[in-house]
Structure formats: structure tokens, C-alpha cells
Amino acid sequence: MGRIVCFANQKGGVGKTTTCVNLCAAVKDKRRKILLIDADPQGNASTGMGVDKHAGPTLYDVLIRGRDARDAIVQTKYGDVLPSNLDLSGAAVELVDIPDRETVLKKALAPIKDQYEYIFIDCPPSLGLLTINALAAADTVLIPMQCEFYAMEGLTDLMTSMRLTKNRFNPDLKIEGIVLTMYDKRLSFSGQVAQEVDRHFGRAVYRTVIPRNVRIAEAPSHGKPVSAYSRLSKGADAYDRLALEFFKHNHTADV
């Protein structure tokens, strides 16, 4: 049965979607069957995977209209995608009137979970109903975290939401790991943040760090992960190494 990994951080601009897209492509490169679910109304993960998010049914249709998830999945060279667009922004309001509103996504994924080795969910940069649905459906949570001073504050809020979700909807929820992003070895505070995160979370922190890299930043505008846009770049190499560590990583860190 597939492992569902939720990519979450309430702070925007931390490399969450970038990490979800590029790790998905790197995992697919290792010949694993993978699905990326874009649960962010901005639809950036869909665009980054080269999917036209306006061409067919989306996650909104699955959550609100009861559409079969299989009808909305788009196949790409970088992994399968269940896309989203701005229609999803209204879902948080519409979900309020749906019974068991926190577990709608979990129920929608149940028929397809065993068709994939991994299912990645890219969450919005907030802790609303869409993120709660993702946390309730997930086996583990991977937290991309920018190497900057305010990062720990956002991480604390996310941990609180994870504990609440675990207590109420998903008792088996675990931390997959914390990935440090936008690392710049020339800046002393990048190293300081890395040390602080390692001190608090130890084995949950991935050894692979994602550097600031222009190719990573350029790739989404071409509708490609960095491995397809610039395979020999430092960014592509970092995500390739992250995929290898992802396969080996301890999946049992407690929330």
C-alpha cells in the first residue's frame, strides 16, 4: 500500500512546493510509481509538473463534487498528478457543511492508495481545512524549512497542528523529516539555523540540504522539475541525493 507523505509548512516561500515537485521527479527517476496531489489553490505544483490545471477535473471536483480521484489524475513524465487551481480556494468554505469534513481527502484516496508506492501532497501555506485534510490522510509529514531566523517560529505552529490532528483524526501520523532549503554556505546564519534545527530535532533532520540555485528557481517557468530542466545543476544533484536519503530515512520519528 502506498505511503502518503504530506509536504507542509505554514510559512510561504520556504521551498515547500519546489521540494515536493523536485523530490517527486527524483523519486520517479528511481523507477518508483508516484502521485503528486496539489492541495494548494495556487496550483503551483501542477504548473511545475507541466500540467495544464484548467484542462480537466481537479482536486476541487474530487473533494466537493465527489468525483472519482482517478478521473482527475494526469500522467506526466515526472509522475502522476492530481492538479488544482483557484477553484480549490472555495473548498475550505464549502467543506464546512460536509460531514466528517476533515477526512474527505482520506476517503477519496482510499481506492487508489495501493496503486502507488508514494503519494505526495503539497499543502497550502496555511493551517486551514485543506491542510488538516492532508494531515488526516497522510502517513508522514515532510517539512521543508528555509534557513532563516524566523523559520523555527513557523515550525512550532505546524507541530501544534500536527499534534491536534494526530489526537483527533490520525493517531499514526509521524514526522517523515525536516529538509533545509535555500541554504547558502556563504551566509553564517544559514549554518546557525541548521545547527539549531539539528539540536531540536536530531535524526528527523535530513543530512541533504537544498542550496540556493538559479536552475531550481528557473525550472517552474518551463513547466519542468529541475532534473528535467538542468540535470547537471547543483539543484538537480541535491534533489537526487535527497531522494536516495528519503528511501533510507527513518520513518518513525514521533510528532
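Just above sits the structure.
This text gives an overview of the structure that appears in the document.

The rules behind these values
- Residues numbered from 1 in each chain as written.
- Predicted model: local features only at pLDDT ≥ 70, side-chain atom pairs only at ≥ 80, totals over all residues.
- Heavy atoms only, no water.
- Phe/Tyr/Trp six-rings, centres within 6.5 Å; stacked < 30°, edge-to-face > 60°.
- Helix = DSSP H or I, 4+ residues; strand = E, 2+ residues; numbered from the N terminus.
- Lys NZ or Arg CZ within 6 Å of the ring centre and 35° of its normal.
- Axes fitted to C-alpha atoms, helices over the stretch in contact; angles between N-to-C directions.
- Parallel < 35°, antiparallel > 145°, perpendicular 65-115°, else oblique.
- Left-handed = near helix turned anticlockwise from the far one by under 90°.
- Contact = heavy atoms within 4.5 Å.
- Nonpolar A, V, L, I, M, F, W, Y, C, P; charged D, E, K, R; others polar.

1. Here we look at the packing of aromatic side chains
To describe a pair of aromatic rings, you give the distance between the ring centres and the angle between the ring planes. All told, the structure shown has 5 aromatic pairs when counted by the stated rule. Aromatic side chains Phe-120 and Phe-246 sit 5.7 Å apart centroid to centroid with 85° between the ring planes, which places their arrangement in the edge-to-face category. Of this pair, Phe-120 sits in strand S4 (residues 118-122) while Phe-246 sits in helix H12 (residues 234-248), placing them 126 residues apart in sequence. One aromatic cluster is present, formed by Phe-7, Tyr-118, Phe-120, Phe-246 and Phe-247 through successive ring pairs. Between the NZ or CZ atom of Arg-32 and the centre of the ring of Phe-247, over which it lies, the distance is 4.1 Å.

2. Thoughts on unusual backbone geometry
The residue Arg-31 is not glycine, and still its phi comes out positive at about 65°. A positive phi is found at Asp-100, a non-glycine position, where the angle reads about 50°. Among the secondary structure elements, Asp-100 is positioned in the loop between helix H5 (91-95) and helix H6 (104-109).

3. Side note on the packing of helix H7 (residues 129-137) against helix H8 (residues 151-168)
The interhelical angle for the contact between H7 and H8, taken along N-to-C directions, is 60°, at an axis separation of 10 Å. Classified by the interaxial angle, the pair formed by H7 and H8 is oblique. You can see that H7 and H8 cross each other, and the crossing is right-handed. Contact with H7, carried on its side by Ile-132, Leu-135 and Ala-136, involves Ser-161, Met-162 and Thr-165 of H8 and no other residues of that element. Grouping the amino acids of the contact of H7 with H8 by side-chain chemistry returns 4 nonpolar, 2 polar and no charged.

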